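Chain by chain, the residues:
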Amino acid sequence: MNNDTTLKKYARLAVKIGVNIQKNQTLVISSPIECANFTRLIAETAYEEGAKDVVINWNDELFTKIRFLKAPEEAFKEMPNWQKEFYLSYAKSGAAFLSISASDPENLKDVDPSRIAKSQKVRSTALKEYSERLMSNKNTWSIISIPTKAWAKKVFSNSSEDEAVEKLWDAIFKIVRVDKEDPVAAWESHKEKLKLGMDFLNSNNFKFLHYENSLGTNLKIELPKGHLWLGGADYTPEGVEFIANMPTEEVFTLPLKTGVNGTVVSSKPLNCNGNLVENFSLTFKDGCIIDFKAEKGYESLKNLIETDEGSHYLGEVALVPFDSPISNSNIVFFNTLYDENASCHLAIGKAYPVCLKNGEDMNELELAENEVNTSLIHEDFMIGTKDLKITGITEDGREIPVFINGNWAF
């Protein structure tokens, strides 16, 4: 399936449906250098669709590893102002942002996790205003993936490198509906299906969700008054529609910051800054993580949770049926963009203000008063299983099944 026609369809999908580039708008692409050919195709497509300009921000994960292993500590203490201004100036001028997520899940396994954590905190602090703009949908943005050799070999470890790359291309094309004759039309239909879940949840206006499964998850999440379930398409304040994640199978909202109690157990590995965290659990009391365990990657998980005060709390609650395209592929992608859309998931850290009525117009103090979590990070982790049971509890105490055996109950 990896041919010119299919690649052009994928590039057009990313430009037209993903960021929905507008005439005379600038597109900023963040891309691994290994994805250069496809990135150039996206740029060409964007120009053809009327973009004023395309700016490419290249990254090289092999150099990143060298830098973490060899550079002195001083190199990670601050982020140059020009890098901060690169993102923020384009954001303030109304640019669209497209990121290609295609990293080696274990690229940084030999690097001290605390060094990575310090660097990530410095970067997140410097880019705080930029990140807040995107999480409030002030700019259109989207994340897509294409295969790289190291990532493909991790996913299909029993195949040769070339075979693994072809298999991953094939899986991606199917999951993002590029294999359809008209991918754009296929996405329009998909958005309508996601709306069914949103309408069910918003109409019931649950106060609590109670999660249970055989892995040991027993978690009760309180939802704030005025919470909104979103999914599929997002919109800028000007009404421009975009798809933040391609693929997306989720409907999501935010929890009440202090309203999470119990234990949740992961169902898939988490790619945490180039290190895998596997078979982990988190225990909450009044919203705060009070205990955590991990069979692999404990230090990476610890550093993630200890980023700041807000990283001890949850920022997102997302529902994905077990019977969904990515889950049914039976592939563990070791890539959050894909794995989170195969499984119900939660996110440690910052909440999306748009998930609260008028939240996108609130300042930090007003968000805090409404118990909306803020943090330098937002890290999704997967908890969905075939036997997951989710019960919705209304304000007047009625219990309504939301998920039964991993899938929607309605």
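The preceding data block contains the structure.
Residues numbered from 1 in each chain as written. Predicted model: local features only at pLDDT ≥ 70, side-chain atom pairs only at ≥ 80, totals over all residues. Heavy atoms only, no water.

A. Structural view of the pairing of strand β15 (residues 314–319). Among the 6 residues that make up β15, 6 are buried, leaving the element largely enclosed by the rest of the structure. Examined bridge by bridge, β15 and strand β16 (residues 345–349) share 4 bridges and lie antiparallel to one another. Across the sheet, the residue bridging to Val317 is Leu346, located in β16. (Buried < 20%, exposed > 50% of the residue type's maximum accessible area, 1.4 Å probe, protein only. Helix = DSSP H or I, 4+ residues; strand = E, 2+ residues; numbered from the N terminus. Pairing = 2+ DSSP bridges.)

B. How the structure looks around the layout of surface pockets. Put simply, the second largest pocket is a space of about 390 Å³. The wall of the second largest pocket is formed by 21 residues, among which Met198, Leu230, Ala233, Asp234 and Tyr235 lie closest to the centre. Breaking the lining of the second largest pocket down by element, the ones donating at least two residues are α9 (183–204), β7 (230–231) and β8 (234–235). When grouped by side-chain class, the residues that make up the lining of the second largest pocket number 8 nonpolar, 6 polar and 7 charged. (1 Å grid on protein atoms, 1.4 Å probe; cavity = no way out; pocket = protein on both sides within 12 Å on 5 of 7 lines; lining within 4 Å. Points joined across faces, edges and corners; volume = space filled by probe spheres on them. Nonpolar A, V, L, I, M, F, W, Y, C, P; charged D, E, K, R; others polar.)

C. Representation of empty space enclosed by the protein. For the coordinates displayed, the defined rule picks out 1 cavity of 30 Å³ or more. Of the voids in this model, the largest cavity is the one considered here, and its volume is about 30 Å³. In terms of lining residues, the largest cavity is bounded by Val320, Phe322, Ala342, Ser343, Cys344, Gly384, Thr385, Leu388, Phe403 and Gly406. Split by residue class, the lining of the largest cavity holds 6 nonpolar, 4 polar and no charged.

D. Expanded view of the side chain of Glu249. Tracing the sequence through the fold places Glu249 in the loop between β9 (241–242) and β10 (251–253). In terms of polar contacts, Glu249 uses its side chain to reach the side chain of Arg177, at 3.4 Å. Those residues in contact with Glu249, other than ones at most four positions away along the chain, are Arg177, His190, Leu194, Leu319, Val320, Pro321, Pro325 and Asn341. (Polar contact = N/O pair within 3.5 Å; in protein donor to acceptor, adjacent residues only side chain to side chain. Contact = heavy atoms within 4.5 Å.)

E. Main features of the sheet that holds β7. On the basis of which strands lie adjacent, the open sheet formed by 5 strands has the order β7-β10-β15-β16-β17 and antiparallel pairing. The open sheet has two free edges, formed respectively by β7 and β17 (378–382), since each of these has just one partner strand. Relative to β17, β16 runs antiparallel, the two being bridged by 5 bridges. Looking at the pairing, Ile348 lines up with Glu379 of β17.

F. Quick look at α9. With 22 residues, α9 should reach 32 Å at 1.5 Å per residue; the first-to-last C-alpha distance of 33 Å fits that figure. Looking only at α9, the buried set comprises Pro183, Ala186, Trp187, His190, Lys191, Leu194, Gly197, Met198, Phe200, Leu201 and Asn204. In the stretch just after α9, Asn205 is the one whose phi turns positive, near 50°. (Expected span 1.5 Å × (residues − 1).)

G. Expanded view of the pairing of strand β6 (residues 218–222). Two strands pair when backbone bridges link them, and strand β5 (residues 208–212) and β6 are joined in this way by 5 bridges, in the antiparallel orientation. Paired with His210 across the strands is Lys220, a residue of β6. Between the end of β5 and the start of β6, which pair antiparallel, lie 5 residues, with Gly216 showing a positive phi angle near 120°. With 4 bridges connecting them, β6 and strand β11 (residues 260–265) associate as antiparallel partners. Its bridge partner being in β11, Ile221 is matched across the sheet by Val260.

H. Region of the structure containing unusual backbone geometry. The omega torsion across Met246 and Pro247 is 15°, close enough to zero to call that bond cis. Relative to the assigned elements, Pro247 resides in the loop between β9 and β10. At Phe334, a residue that is not glycine, the phi angle is positive and equals roughly 55°. You can see Phe334 is positioned in the loop between α11 (325–328) and α12 (336–339). With relative accessibility at 14%, the residue Phe334 sits in the buried group.

I. Up close: the packing of helix α1 (residues 4–18) against helix α8 (residues 161–175). Here α1 crosses α8 at 50°, and the two axes come no closer than 12 Å. By the angle between their axes, α1 is oblique relative to α8. Where α1 crosses over α8, the two elements pack in a sense that is left-handed. On the side of α1, the interface is formed by Thr6, Leu7 and Tyr10, while α8 contributes Trp169, Ile172 and Phe173. Its residues placed into classes, the contact of α1 with α8 shows 5 nonpolar, 1 polar and no charged. (Axes fitted to C-alpha atoms, helices over the stretch in contact; angles between N-to-C directions. Parallel < 35°, antiparallel > 145°, perpendicular 65-115°, else oblique. Left-handed = near helix turned anticlockwise from the far one by under 90°.)

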